[in-house]
Amino acid sequence: MSSWQQSFDGAPVRSIDEGATLFRREDPVRSIYLVRSGQIALERPLADGTTLTLHIASAGMMLVEASIFADAYHCDAVVRERAVIACMPRSAFLASLRESPDSALALINANAREIQSQRARIEILRLRRVADRLDAWLDLYGEPAKGEWIRVANAIGVSQPALYRELALRRKH
C-alpha cells in the first residue's frame, strides 16, 4: 500500500450498489475517496444524451484526485461494479499530506504515472489501424495475462471482435 493510501487508514468505509451515484457534477467537493473494491466511473453527460467516461477507478485508486483543489466536482461518479470506498474530508486528506511529505511525493508519483499512461493511450488511439494500435500497446506493456485481452481491446479503443480478428491474423503468420 502506498503511503498516500495510508492516509485513509481509519477513514469511514461505505458500500455502494452498482448503478448508484456517489456524487454529481457541480456538487461541492467536500470529500476525497479511495476505492477499496469495485469500480466507479467518472462520467460526464453530454448534450446529445450520451455519456463520456473520463476515468474508471478500481481497487487502490483515488477517485477524485483531479478535484482535490476544485470547488465542485467536474463529473458524476457512477458505480459500475458494487464498490467499497473509504471516505475522508478533503481538509483532513490535505492535512495528512502536509504532515507527511513522503505521502505527498507518493501521490505525485502515482499521478505522474497516470499522466504518462494517459498520454500513451491518447497516442495509441490516434493510430488508425487495429494492428498499429495493438503493436503500440504491446510495445509499451507487453503481452497481457490470459483472460486480459478484453482489457486490451478497451484500452486501445477497439471492439473485442476486431481485436480477436487481428490476433487470429497474427497466429496465421
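Every chain is numbered independently, its residues counted from 1 as its sequence is written. Owing to the predicted nature of the model, reporting of local features is limited to residues with pLDDT of at least 70; listing and counting of side-chain atom pairs is limited to 80 or more, with chain, interface and lining totals taken over all residues. Only hydrogens and water are set aside when side-chain values are computed; all heavy atoms of the structure are taken into account.

Visitor: Please provide a residue-by-residue account of the nonpolar core, values included.
Guide: Grouping buried Ala, Val, Leu, Ile, Met, Phe, Trp, Tyr and Cys residues that are joined through side-chain atoms within 4.5 Å yields what is termed a nonpolar core. When accessible area is computed with a 1.4 Å probe and restricted to protein chains, residues below 20% of their type maximum are described as buried, those above 50% as exposed, and intermediate ones as partly exposed. Phe8, Leu22, Phe23, Tyr33, Ile40, Leu63 and Phe93 are the most contacted members of the largest nonpolar core, which has 33 residues in total. We count a stretch as a helix when DSSP gives it H or I for four or more residues in a row; a strand needs E for two or more, and each element gets its number in order from the N terminus. In terms of residues, this core owes the most to one element, strand E5 (residues 76-89), which gives seven residues. The contact criterion used is simple: two residues touch if any of their non-hydrogen atoms lie within 4.5 Å. In this structure Leu22 touches Arg14, Ile16, Tyr33, Ile40, Leu63, Ala77 and Ile85, once residues within four positions along its chain are discounted. Judged by nonpolar contacts, the second largest core, of 11 residues, contains Leu134, Ile156, Val158 and Leu163.

Visitor: Describe the state of the cysteines, listing the residues and the values that go with them.
Guide: Only a pair of cysteine sulfur atoms within 2.5 Å qualifies as a disulfide here. What the rule picks out here adds up to zero disulfides. Free of any disulfide, Cys75 has its nearest cysteine sulfur in Cys87, 16 Å distant. The buried category is assigned to Cys87, whose relative accessible area is 18%.

Visitor: Go over a nonpolar patch on the surface with me, naming the residues and quoting the values.
Guide: Together, Leu46, Leu52 and Leu54 make up an exposed nonpolar region whose accessible area comes to about 250 Å². Tracing the sequence through the fold places Leu52 in strand E4 (residues 51-58). With relative accessibility at 41%, the residue Leu52 sits in the partly exposed group. Each patch is built from salt-bridge-free residues with over 30% relative accessible area, joining like charges within 9 Å and nonpolar side chains (Val, Leu, Ile, Met, Phe, Trp, Tyr) within 5 Å. In short, Shrake-Rupley with a 1.4 Å probe defines the accessible areas, and a residue's cover is counted only from the protein chains shown. For this analysis, a salt bridge means a side-chain nitrogen from Lys or Arg found within 4 Å of a carboxyl oxygen belonging to Asp or Glu.

Visitor: Quick one: what's the story with the side chain of Ser103, residue by residue and with numbers?
Guide: With respect to the helices and strands, Ser103 occurs in helix H2 (residues 101-126). Under the relative-accessibility criterion, Ser103 is labelled buried at 5%. For Ser103, the side chain forms a polar contact with the main-chain oxygen of Ser3, separated by 3.2 Å. Those residues within four positions of Ser103 in sequence are excluded, and the remaining contacts are Ser3, Trp4 and Leu97. Residues adjacent in sequence count toward polar contacts only when both atoms are side-chain atoms; beyond that, a polar contact is any pair of N or O atoms within 3.5 Å, and within protein one must be able to donate a hydrogen and the other to accept it.

Honestly, that's just the spatial picture; any functional story needs more than this.
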